[in-house]
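Observations on the three-dimensional arrangement
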Amino acid sequence: MSVTPIRIMGDPVLRTPAAPVVDFDAELRQLVADLTDTMHAAGGAGIAAPQIGVGLRVFTWYVDGEVGHLVNPEVTPVGEETEEDAEGCLSIPGFRFDCRRHLYVAATGWDMHGEPIRVEGSHKLARAIQHETDHLDGVLFVDRLDAEAREAALAVLRDAAWQGEQSYLPDGRPVFPPVVKVSPH
């Protein structure tokens, strides 16, 4: 098991757009394994590479008993229907806020072996895909809240117990200093 520290809101890596993956190699397969192990250990529905300090366009998800991953995803809403529901984030631990997302999406990308894949999902899977793809673009879900809800959420987050920390292990222990991973991908 390879559980990696999770970066917390305020860490610049979470606001930096991730680079496309160009090498589908053992290092990428290890990254997917690290993401999957960390996501499970933290009890998350998904995690993106920037959340563990890796600036590459990769994420994993665990929704309705299904584990998956996407490399270099492209997401397209299917239809106009949206849903507002409570959403949380491993990089904003302990908080959930109502966030509006497309109810149905289709995502294309590659698996860790470089094979093209397409994922279609609704409800929780659609929300996870949109949330994790946002991470790859340097966007946090609180950025998606309407102005009034965002202001209220940020006011609450200013007093979060983890403010000033940069990362944590899924069991809640802080990690100092955070490890910066540099990849040739």
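Note that the structure is a prediction, hence the values are computed from the model and not measured.

When helices and strands are tallied, the protein chain shows 3 helices and 9 strands. Its C-alpha atoms give the protein chain principal-axis dimensions of about 45 × 45 × 30 Å. Here the analysis covers contacts within the protein chain between residues at least 6 apart in sequence; of these, 66% occur between residues at least 24 apart. When the accessible surface of the protein chain is totalled, it reaches about 9000 Å², and 52% of it is carbon and sulfur.

What follows is about the layout of surface pockets. Its boundaries defined by the atoms lining it, the largest pocket holds a volume of some 460 Å³. Ala-45, Glu-87, Gly-88, Cys-89 and Arg-96 are, among the 25 residues lining the largest pocket, the residues nearest its centre. Considering each element in turn, the lining of the largest pocket owes the most residues, 7 residues, to helix 2 (residues 123-136). Within the lining of the largest pocket, the residues separate by chemical class into 9 nonpolar, 9 polar and 7 charged. Approximately 180 Å³ is the volume attributed to the second largest pocket. Val-75, Pro-77, Arg-100, Arg-101, His-102, Val-105, Gln-130, Thr-133, Asp-134, Asp-137 and Arg-144 together form the lining of the second largest pocket.

Enumeration over the complete set of coordinates arrives at 4 aromatic pairs. Between Phe-95 and Phe-97, the aromatic rings sit 6.3 Å apart at their centres with planes inclined by 10°, giving stacked as the arrangement. Looking at Phe-97, the relative accessible area reads 15%, which means it is buried. Ring centres of Phe-95 and Trp-162 lie 6.3 Å apart, and the angle between their planes is 80°; this geometry places the pair in the edge-to-face category. Of this pair, Phe-95 sits in the loop between strand 5 (82-88) and strand 6 (96-102) while Trp-162 sits in the loop between helix 3 (147-157) and strand 9 (167-168), placing them 67 residues apart in sequence. On the basis of relative accessible area, Trp-162 is assigned to the buried category, the value being 10%. Grouping aromatic residues by their ring pairs yields a cluster made of Phe-95, Phe-97, Phe-141 and Trp-162.

Here the focus is helix 1 (residues 26-42). Because each turn of an α-helix spans 3.6 residues, side chains separated by three or four positions in sequence point in the same direction. Between its terminal C-alpha atoms helix 1 stretches 24 Å, which fits the 24 Å expected from 17 residues at 1.5 Å a residue. Along helix 1, the residues that are buried comprise Leu-28, Leu-31, Val-32, Asp-34, Leu-35, Thr-36, Thr-38 and Met-39. The inward-facing, buried residues of helix 1 abut strand 1 (6-7), strand 2 (46-48), strand 3 (58-63) and strand 4 (66-77). Positive backbone phi, approximately 75°, marks Gly-43, located one or two places after helix 1.

What follows is about the pattern of salt bridges. The full count for this structure, using the stated rule, is 11 salt bridges. The closest approach of N and O atoms between Arg-118 and Glu-120, which form a salt bridge, is 2.9 Å. Residues Arg-118 and Glu-120 agree in their burial class; the two are exposed. Arg-144 serves as the salt-bridge partner of Asp-134, at 2.7 Å between the closest nitrogen and oxygen. One end of the pair, Asp-134, is in helix 2; the other, Arg-144, is in the loop between helix 2 and helix 3, with 10 residues separating them in the sequence.

What counts as what
- Residues numbered from 1 in each chain as written.
- Predicted model: local features only at pLDDT ≥ 70, side-chain atom pairs only at ≥ 80, totals over all residues.
- Heavy atoms only, no water.
- Helix = DSSP H or I, 4+ residues; strand = E, 2+ residues; numbered from the N terminus.
- Contact = heavy atoms within 4.5 Å.
- Areas by Shrake-Rupley, 256 points an atom, 1.4 Å probe, with all protein chains shown as cover.
- 1 Å grid on protein atoms, 1.4 Å probe; cavity = no way out; pocket = protein on both sides within 12 Å on 5 of 7 lines; lining within 4 Å.
- Points joined across faces, edges and corners; volume = space filled by probe spheres on them.
- Nonpolar A, V, L, I, M, F, W, Y, C, P; charged D, E, K, R; others polar.
- Phe/Tyr/Trp six-rings, centres within 6.5 Å; stacked < 30°, edge-to-face > 60°.
- Buried < 20%, exposed > 50% of the residue type's maximum accessible area, 1.4 Å probe, protein only.
- Expected span 1.5 Å × (residues − 1).
- Salt bridge = Lys/Arg side-chain N within 4 Å of Asp/Glu carboxyl O.

So far we have only geometry, and geometry alone does not tell us how the molecule works.
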